[in-house]
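Understanding the architecture of this molecule
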Amino acid sequence: MPKPKYFLYARKSTEDDDKQVMSIEAQLFELREFARKENLEILEEFQESKSAKTPGRPVFNEMMSKVESIGNVGILAWHPDRLARNSIDGGRIIYAVDTQKIVSLRFPTFWFEPTPQGLFMLQVAFGQSKYYSDNLTENVKRGMRQKVRRGEWLTKAPFGYVNNRTTRNIEPHSVHSKVIVCAFNEYAKGTYSYESLAEFLSLHGVTTGKGTPLGKASIKRMLTNRAYLGFVKHYEEWFEGSFAPIISPKLFEAVQKVLSARERPLTRKVKHDFPFVGLFRCGECGSMITAQWATGRHGGKYRYYRCTKKKGVCSQRYVREEDLAEQIKERLKTISLCDKYTSYMLTKIEVWEHEKKNSSQSCVQNLSNKIKASETRLEKLVESYLDGDILKEIYIKKKDEVMRATLALKQEKKDFDHKGNNWVEPLREWILDTKQADFLSSSADFKEISSFVKKVGTNPIVRDKSARFGALAPFGFVASVRRFLHPKGILGPACAPAARRSLALTSQEVSICDLNGSRTRVFAVRGRRPGPLDDKAI
């Protein structure tokens with residue numbers, strides 16, 4: 001049986017760079033020296049800074065994935081507890097040994113052979129590692145509960161206190177505690193805000209690590225910290241401490257009263273709901289159109305839109321919101337299509353998309369085969385060079401040619417994928433917009449109407465109490481053709497918008513053309529008289 005190659009694995013429990021700094025380095029030195037003495041070939045090294053108490057170590061999972069895919073390899077580690085401290089990872093290693101994916105496990109401090117006795121001892125080692133972690137957790141929790149019962153502080157001392165290593169508790173700092181008392185007294189007066197109190201503390205040397213004043217969150221955390229009353233916090237619960245308090249309960253409650261009074265939600269004025277504000281400009285002076293409430297002679301409330309006149313004198317007068325909305329609706333009718341034709345168009349788009357997809361699959365597959373063949377040629381070229389069959393100059397020249405050819409094929413495939421069906425979504429979106437225009441032309445949702453005009457409209461202005469806006473192509477094309485349509489469907493002079501009913505395009509009015517000379521397909525008006533829906537016309 002050939003001698004196996006080994007994966008070297010080193011791990012430390014903490015992810016902090018400043019803790020257990022020498023652990024990884026010491027393991028790597030000892031394991032490399034052990035491999036040299038035992039004449040073990042290291043295939044790859046893995047090192048990780050993560051606890052093994054729970055599953056989910058990325059480096060360990062990467063190593064095990066390679067073990068399971070390659071097989072017939074060994075693992076070199078300092079001790080079994082470096083590999084696993086939980087039952088899932090330990091069982092994964094044991095199963096890999098059972099299936100002969102791992103044929104050897106070597107440890108400088110532990111003996112193992114792939115025999116029933118060796119597997120049993122490995123299971124015992126993993127069990128001991130898990131027991132150590134579980135027992136350590138319980139011991140730490142028990143110790144923390146005991147410290148809470150004694151009223152001792154559990155972690156690093158908060159600002160204003162200092163840790164006493166002798167008593168294993170905290171005590172007031174000779175200077176910082178006085179600063180805390182001064183800050184509480186000043187804030188209790190009600191003359192300081194978070195920002196001004198942060199400036200006050202910075203003048204007394206209390207700043208962030210970068211020397212800047214404390215943030216609002218830090219100030220609030222300090223003013224609400226019950227540790228200054230002599231309390232200990234454990235699992236979001238406060239307990240009575242055995243250390244000296246800094247703040248008196250009376251002063252602390254005074255500060256909390258100021259905080260609660262200032263954190264009361266402000267009563268804000270209700271904003272007026274003017275849906276067309278920010279949409280139109282004045283057609284005379286170019287200022288924005290604003291809105292206001294007005295009261296009629298009989299006490300009725302009305303909303304009017306007018307020019308802000310911020311660019312000078314303007315003679316434009318007020319226009320009522322109802323009149324403005326009605327004009328916008330009439331304009332939307334000229335760029336709308338009814339459900340009958342939008343449904344047909346959407347169906348045709350699905351057919352075109354399916355046909356295009358079927359025709360492009362063969363091209364994409366052909367390009368993929370060429371790319372794969374080119375990559376295979378490159379692999380054979382490298383193997384030939386490594387075997388000494390070709391000279392280095394010929395190898396470099398041929399490699400450059402193959403790599404450039406492969407890159408060209410990949411770019412061609414990328415461009416084809418990008419340009420294949422890029423006309424479908426814009427066409428579908430345009431049809432849905434024309435359908436929405438038909439719906440909004442009879443809707444009372446002014447906010448939705450305003451949002452739609454912002455999307456498809458251009459240069460919206462109000463002049464002489466009349467709202468006007470252009471339309472993006474191909475909306476403008478539909479509108480320009482429908483202006484010349486008579487309500488009965490024949491060509492003739494355009495009627496006034498208020499007197500003309502909503503028009504619907506017929507089957508003979510719809511055709512296919514190119515937009516701006518591109519491959520994008522759009523439906524355009526071409527017919528003169530209504531007729532039955534015909535596939536040849538669309």
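One structure accompanies this document, and this report is about it. Computed from a predicted structure; not experimentally measured.

How each quantity is defined
Residues numbered from 1 in each chain as written. Predicted model: local features only at pLDDT ≥ 70, side-chain atom pairs only at ≥ 80, totals over all residues. Heavy atoms only, no water. Helix = DSSP H or I, 4+ residues; strand = E, 2+ residues; numbered from the N terminus. Buried < 20%, exposed > 50% of the residue type's maximum accessible area, 1.4 Å probe, protein only. Pairing = 2+ DSSP bridges. Axes fitted to C-alpha atoms, helices over the stretch in contact; angles between N-to-C directions. Parallel < 35°, antiparallel > 145°, perpendicular 65-115°, else oblique. Left-handed = near helix turned anticlockwise from the far one by under 90°. Contact = heavy atoms within 4.5 Å. Nonpolar A, V, L, I, M, F, W, Y, C, P; charged D, E, K, R; others polar. Core = buried A, V, L, I, M, F, W, Y, C linked by side-chain atoms within 4.5 Å. Phe/Tyr/Trp six-rings, centres within 6.5 Å; stacked < 30°, edge-to-face > 60°. Patch = residues over 30% accessible without salt bridge, like charges linked within 9 Å, V, L, I, M, F, W, Y side chains within 5 Å. Areas by Shrake-Rupley, 256 points an atom, 1.4 Å probe, with all protein chains shown as cover. Salt bridge = Lys/Arg side-chain N within 4 Å of Asp/Glu carboxyl O. Lys, Arg positive; Asp, Glu negative; His and termini not counted. Charge placed at Lys NZ, Arg CZ, Asp CG, Glu CD. Expected span 1.5 Å × (residues − 1). Arc of directions from axis to C-beta. Polar contact = N/O pair within 3.5 Å; in protein donor to acceptor, adjacent residues only side chain to side chain.

**Brief notes about unusual backbone geometry**
Glycine aside, a negative phi is what most residues show, and trans is what most peptide bonds show. Residues other than glycine seldom take positive phi values, yet Arg168 does so here, at roughly 55°. Within the fold, Arg168 resides in the loop between β5 (161-164) and β6 (169-172). Judged by relative accessible area, which is 62%, Arg168 ranks as exposed.

**As for the pairing of strand β1 (residues 5-12)**
Burial runs high along β1: seven of the eight residues are buried. With four bridges joining them, β1 and strand β3 (residues 73-76) adopt parallel strand pairing. Its bridge partner being in β3, Lys5 is matched across the sheet by Val73.

**Thoughts on the packing of helix α6 (residues 176-188) against helix α9 (residues 249-262)**
As a packed pair, α6 and α9 sit with axes 9 Å apart at the nearest point and diverge in direction by 50°. Here α6 lies oblique to α9, going by the angle between them. Considering how the two elements wind past one another, α6 and α9 form a crossing that is left-handed. On the side of α6, the interface is formed by Val181, Phe184, Asn185, Tyr187 and Ala188, while α9 contributes Leu251, Phe252, Ala254, Val255, Val258, Leu259 and Arg262. The residue inventory of the contact of α6 with α9, partitioned by class, reads ten nonpolar, one polar and one charged.

**Section: the pairing of strand β14 (residues 466-471)**
Direction of pairing for strand β13 (residues 457-463) relative to β14: antiparallel, over a ladder of five bridges. Within the sheet, the bridge partner assigned to Val462 lies in β14 and is Ala467. Adjacent in sequence and paired antiparallel, β13 and β14 are bridged by two residues, among which Asp464 carries a positive phi angle near 55°.

**Digging into the nonpolar core**
Residues Phe276, Phe280, Tyr305, Leu324, Ile328, Leu332 and Ile449 are the most contacted members of the largest nonpolar core, which totals 39 residues. Broken down by secondary-structure element, the contributors of at least two residues to this core are β10 (289-295), β11 (301-307), α10 (321-333), α11 (339-386), α13 (424-440), α14 (446-456), β14 and α15 (475-482). Among the elements that make up this core, the one with the highest residue count is α13 (six residues). Of all hydrophobic cores here, the second largest spans 31 residues; its members include Leu201, Leu214, Ile219 and Leu229.

**What to know about the packing of aromatic side chains**
Enumeration according to the criterion identifies 13 aromatic pairs in this entry. Pairing Phe7 with Phe46 gives two aromatic rings, centres 5.5 Å apart and planes at 90°, and the pair type is edge-to-face. Remark: Phe46 occurs in strand β2 (residues 42-49) and Phe7 occurs in strand β1; sequence separation between them is 39 residues. Accessibility assignment for this pair places Phe7 and Phe46 in one class, buried. Centre to centre, the rings of Tyr187 and Tyr194 are 6.3 Å apart; their planes meet at 15°, and the pair counts as stacked.

**Description of the environment of Ile431**
Mapped onto the elements, Ile431 comes out in helix α13. Here Ile431 falls in the buried class, since its relative accessible area comes to 0%.

**Overview of a positive patch on the surface**
A surface patch of positive charge is lined by Lys53, Lys141, Arg142, Arg145 and Arg149. Residue position: Lys53 is located in the loop between β2 and α2 (58-70).

**Re a negative patch on the surface**
Among the surface-exposed residues, Glu379, Glu383, Asp387 and Asp389 lie close enough to one another that they form a single negatively charged patch. Along the chain, the position of Glu379 falls in helix α11. A relative accessible area of 52% places Glu379 in the exposed class.

**Some words on the environment of Glu263**
Mapping Glu263 onto the fold places it in the loop between α9 and β9 (281-282). The contacts of Glu263, once residues within four sequence positions are left out, are Tyr194 and Lys220.

**Some thoughts on helix α4 (residues 87-98)**
Over its twelve residues, α4 runs 16 Å from end to end, which matches the ideal 16 Å to within 8%, given 1.5 Å per residue. Inspection of α4 places Asp89, Gly90, Ile93, Ile94, Ala96 and Val97 among the buried residues, and these make up the whole buried set. In an axial view of α4, the angular spread of the buried residues amounts to 155°, which keeps them on one side of the axis. Exposed side of α4, more than 90 degrees from the buried face: Ser87, Ile88 and Tyr95 are the residues found there. Residues of α4 that are buried make contact with α2, α3 (80-83), β4 (102-106) and α5 (116-149). Two to three positions downstream of the cap, the backbone nitrogen of Ile88 sits 3.1 Å from a side-chain oxygen, assigning the N-cap of α4 to Asn86. Where α4 terminates, the next one or two residues include Gln100, which has phi positive at roughly 65°.

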